[in-house]
Amino acid sequence: MHQLTKTDFKYYLDCPESIWLLKNKQQVYPKGEFSLFAEKLIKEGYEVETYAKQLFPNGLNLPEYGSPEQTNQALTNTHNVYFQPSFITAKNVFARIDVLERLGDGTWHIYEVKSSTSIKNDRKHRQIEDACFQKYVLTECGYVVSKVSIIHLNKEYLKKGDIVANELLEIADITDAVDNIYSSVVNQINAASNFINKEIINETVCSCKYKTRSNHCDAFNYFNTTIPDYSIYEIGRISAKKVGLLADNEQLAIIDIPLDFELNVNQQTQVESVKQEQPIINQSNIKKELDKLKFPLHFIDYETYASAIPRLDGLSPHKHLTFQVSIHTLTEDNTLTHFEYLLDDMQMPTDMIQAMQDFTGITGTFVSWHASFEIGRNKDLIEWLPQFTNYLTYINEHTFDLETIFKKDYIDYRFHGSSSIKKVLPVLCPNISYSDLDVNNGTMALDTWGRMVLDPNFNEDIEATRKNLLDYCELDTLAMVKIYEVLKETIK
């Protein structure tokens with residue numbers, strides 16, 4: 001009988017067929033690439049747990065990856081708090097509890113430790129279902145659980161010197177929330193356990209056929225082999241309800257969408273681009289937008305570092321510290337100059353912002369891609385470095401988001417429903433590529449810089465690492481310049 005863990009259960013809730021395949025045909029399961037971001041989240045989760053243990057100074061550390069048998073032996077001793085006890089039911093449902101406390105009346109209090117700054121129960125997190133799962137396993141093992149809590153980060157916490165655990169963390173009682181859904185979750189757990197132990201299932205389709213692209217499982221292509229190129233899942237911001245209507249009728253290709261099917265203007269434009277096999281460009285709108293820009297144009301991109309546990313005084317959990325900037329400045333006579341700055345260590349970017357201001361002045365238009373990110377970072381910087389309020393406020397009030405053009409006025413089927421610069425650039429500027437860079441995405445930049453400045457055992461070449469980081473950020477802003485130039489040629 002296959003074991004069902006909390007992680008397995010979350011996969012089941014997302015796509016039953018996918019977890020069945022992982023359990024029963026692991027050799028053919030299409031493993032998703034284990035991202036640096038996923039690895040970072042795991043490390044941060046362990047770090048938050050370390051501070052959570054400080055809330056219970058007399059707790060007993062059980063062996064890492066200890067067995068349920070070891071837990072049974074430990075629970076008979078005189079301790080009242082246990083870290084990482086594990087339990088398994090007669091039906092092979094397994095749970096490892098972050099913190100378990102024996103209460104005065106002999107019942108038990110479960111604490112789940114989360115690295116979020118609030119209780120999250122969306123599809124990605126499912127924190128209440130997580131806690132229900134843990135309670136179910138303990139209950140099935142004969143323990144009475146009278147209280148359930150989540151320990152999460154305090155979003156208002158500001159680091160000042162050493163981390164103080166009881167200020168960094170908050171404990172939220174979720175007993176009532178767990179009780180409200182407990183019976184339905186128990187039914188789902190039983191269904192999951194039964195499903196993963198089926199000998200055979202229909203392997204020609206999975207539940208994700210009726211979901212939007214961002215909600216597809218890793219095994220989507222294994223199960224759904226007949227999905228065509230330029231499928232309905234590429235339609236920008238299409239709802240799951242509309243995906244379901246089309247999937248029910250096996251209208252899975254964009255060209256199969258009925259003429260009277262309700263789509264918004266941008267979605268209809270995308271459909272037309274696929275059918276015509278050419279971009280659909282609203283030249284007058286693009287010209288109107290670009291004509292608003294005031295020279296010089298400063299194409300700007302930030303790289304940032306964020307962590308669950310703040311690394312720098314003045315920061316709170318998950319706040320983004322801007323550690324790098326690239327700016328390509330284009331004047332009206334087509335002169336292009338470049339400015340870049342990369343912090344050498346974990347510090348407030350005071351010198352970097354001053355150097356930026358010296359380079360750009362308080363003039364012109366700042367151009368970014370997905371501008372809400374840079375604007376958000378500038379708001380944080382104003383709070384931390386108020387001496388630059390005028391400059392950073394000017395940037396935010398004179399920022400143009402180049403991405404917006406590719407959401408409504410320049411629709412190309414080859415973007416596959418995305419307005420990401422990584423999708424737009426290869427189509428408009430095929431001679432420019434991120435693929436040759438050693439650092440080629442923002443998560444890799446965050447991870448690389450973080451290790452370089454924080455890891456005492458970092459053994460890579462510092463100068464080469466700095467160059468790799470600078471090359472990546474420089475390409476982000478140069479890419480915007482080149483895309484802008486293509487747009488200018490388009491509207492001539």
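Scroll up to find the structure.
Cut-off values and rules
Sequence order sets the numbering: in each chain, residues are counted from 1 along the sequence as written. This being a predicted model, a pLDDT of at least 70 is required before a residue's local features are given, and a value of 80 or more before pairs of side-chain atoms are given or counted; all residues contribute to the totals for chains, interfaces and linings. Computation of side-chain values: all heavy atoms of the structure, hydrogens and water removed. Runs of E in the DSSP output that reach at least two residues are strands. Runs of H or I that reach at least four are helices, and both are numbered from the N terminus. When checking whether two residues touch, look at their non-hydrogen atoms; a contact exists if any pair is within 4.5 Å. In these tables, accessible area is a Shrake-Rupley quantity obtained with a 1.4 Å probe, and a residue counts as shielded only by the protein chains included in the view. As defined here, a cavity is a set of points on a 1 Å grid over the protein atoms alone where a 1.4 Å probe fits but cannot get out. A pocket is an open set with protein on both sides within 12 Å along at least five of seven lines, and residues line them when an atom is within 4 Å of a point. Grid points are joined across faces, edges and corners, and a volume is the space filled by probe spheres set on the points. We call Asp, Glu, Lys and Arg charged. Ala, Val, Leu, Ile, Met, Phe, Trp, Tyr, Cys and Pro are nonpolar, and the rest, Gly among them, are polar. With a 1.4 Å probe rolled over the protein chains alone, any residue whose accessible area is under 20% of its type maximum counts as buried; one over 50% counts as exposed, and the rest are partly exposed. Salt bridges are defined by distance alone: a side-chain nitrogen of Lys or Arg within 4 Å of a carboxyl oxygen of Asp or Glu. Strand pairing is defined by DSSP finding a minimum of two bridges between the two strands. Helix axes are fitted to C-alpha atoms over the stretch in contact, other axes to C-alpha atoms as well, and angles between N-to-C directions run from 0 to 180 degrees. Among buried residues, those of type Ala, Val, Leu, Ile, Met, Phe, Trp, Tyr and Cys that are joined through side-chain atoms within 4.5 Å constitute a nonpolar core. In what follows, roughly perpendicular refers to angles from 65 to 115 degrees, roughly parallel to angles under 35, roughly antiparallel to angles over 145, and oblique to any angle outside these ranges. Here a crossing is called left-handed whenever its near helix is offset anticlockwise from the far helix by less than a right angle, and right-handed whenever the offset is clockwise.

Q: Give a detailed account of the overall build of the protein, specifying residues and quantitative values.
A: Counting its secondary structure elements, the protein contains 18 helices and 15 strands. Principal-axis analysis of the C-alpha atoms gives the protein an extent of 80 × 60 × 40 Å. A separation threshold of at least 6 residues defines the contact pool for the protein, and within that pool the share at least 24 residues apart is 65%. Split by element, the accessible area of the protein, about 23800 Å² in all, is 48% carbon and sulfur.

Q: Please give an account of the layout of surface pockets that cites residues and values.
A: As a volume, the second largest pocket reaches approximately 520 Å³. Considering the residues around the second largest pocket, the lining is formed by 22 residues, among which G236, R237, G417, S418 and S419 are closest to the centre. At the level of elements, α10 (265-276) and α15 (405-408) are the ones that each hand at least two residues to the lining of the second largest pocket. Examining the composition of the lining of the second largest pocket, we find that 3 residues originate from one element, α10, more than from any other. Class assignment of the residues belonging to the lining of the second largest pocket gives a composition of 6 nonpolar, 10 polar and 6 charged.

Q: Can you lay out the environment of N459 for me, pointing to particular residues and giving the numbers?
A: Its place among the elements puts N459 in the loop between α17 (442-454) and α18 (462-490). Residue N459 is classed as exposed on the basis of its relative accessible area of 71%. C-alpha separation for the pair N459 and N224, spaced 235 residues apart in sequence, amounts to 44 Å.

Q: Which residues make up the pattern of salt bridges, and what values go with them?
A: In this structure the tally under the stated criterion is 26 salt bridges. Notably, a salt bridge pairs D14 with R123, separated by 3.5 Å at the nearest N-O pair. Residue D14 is found in helix α1 (residues 6-14), and its partner R123 is found in the loop between β6 (108-113) and α5 (127-140); the two are separated by 109 residues along the sequence. Its relative accessible area of 15% is what places D14 among the buried residues. What makes R123 partly exposed here is its relative accessible area of 34%. Note that D409 and K408 form a salt bridge whose closest N and O atoms lie 2.8 Å from each other. For D409, a relative accessible area of 3% translates into the label buried. When its relative accessible area of 40% is taken as the criterion, K408 is described as partly exposed. One connected set of salt bridges, linked through shared partners, spans K6, E112, K114 and D130.

Q: Outline the sheet that holds strand β10 (residues 297-305), supporting the account with residue identities and numerical values.
A: Across the sheet, which stays open at both edges, the 5 strands sit in the order β12-β11-β10-β13-β14 with mixed pairing between neighbours. Bordering the open sheet on either side are β12 (336-342) and β14 (399-401), each of which pairs with just one other strand. Geometrically, the sheet is characterised by an average inter-axis angle of 25° between neighbouring strands, direction not taken into account. As defined by bridge partners, β10 adjoins strand β11 (residues 321-330) across 9 bridges and the pair is classed as antiparallel. Paired with T304 across the two strands is T322, which belongs to β11. With respect to the sheet, α18 is in contact with β10, β11, β12 and β13 (365-368), its orientation differing from that of β10 by roughly 145°.

Q: Before we move on, can you summarise the nonpolar core with the specific residues and values?
A: Within the largest apolar cluster, 67 residues are counted, with the highest numbers of intra-cluster contacts made by M356, F406, W449 and I483. The element best represented in this core is α18, accounting for 10 residues. Setting aside residues no more than four positions away along its own chain, F406 makes contact with W369, I411, F415, S419, V424, L428, I483 and L487. Core analysis: the next-biggest nonpolar cluster, separate from the first, contains 64 residues, L75, F87, I97 and L138 among them.

Q: Hey, could you go over empty space enclosed by the protein for me, with residue numbers and the actual values?
A: In this structure the tally under the stated criterion is 1 cavity of 30 Å³ or more. A class-by-class count of the residues in the lining of the largest cavity yields 6 nonpolar, 2 polar and 2 charged.

Q: Describe the packing of helix α11 (residues 283-291) against α18, listing the residues and the values that go with them.
A: Close contact between α11 and α18 brings their axes to 10 Å; oriented N to C, the two are set at 125°. Considered as vectors, α11 and α18 are oriented oblique to each other. The two elements α11 and α18 meet at a crossing, and its hand is left-handed. Facing α11, whose interface residues are Q283, I286 and L290, α18 presents Y484, L487, K488 and T490. Residues belonging to the contact of α11 with α18 are distributed by class as follows: 4 nonpolar, 2 polar and 1 charged.

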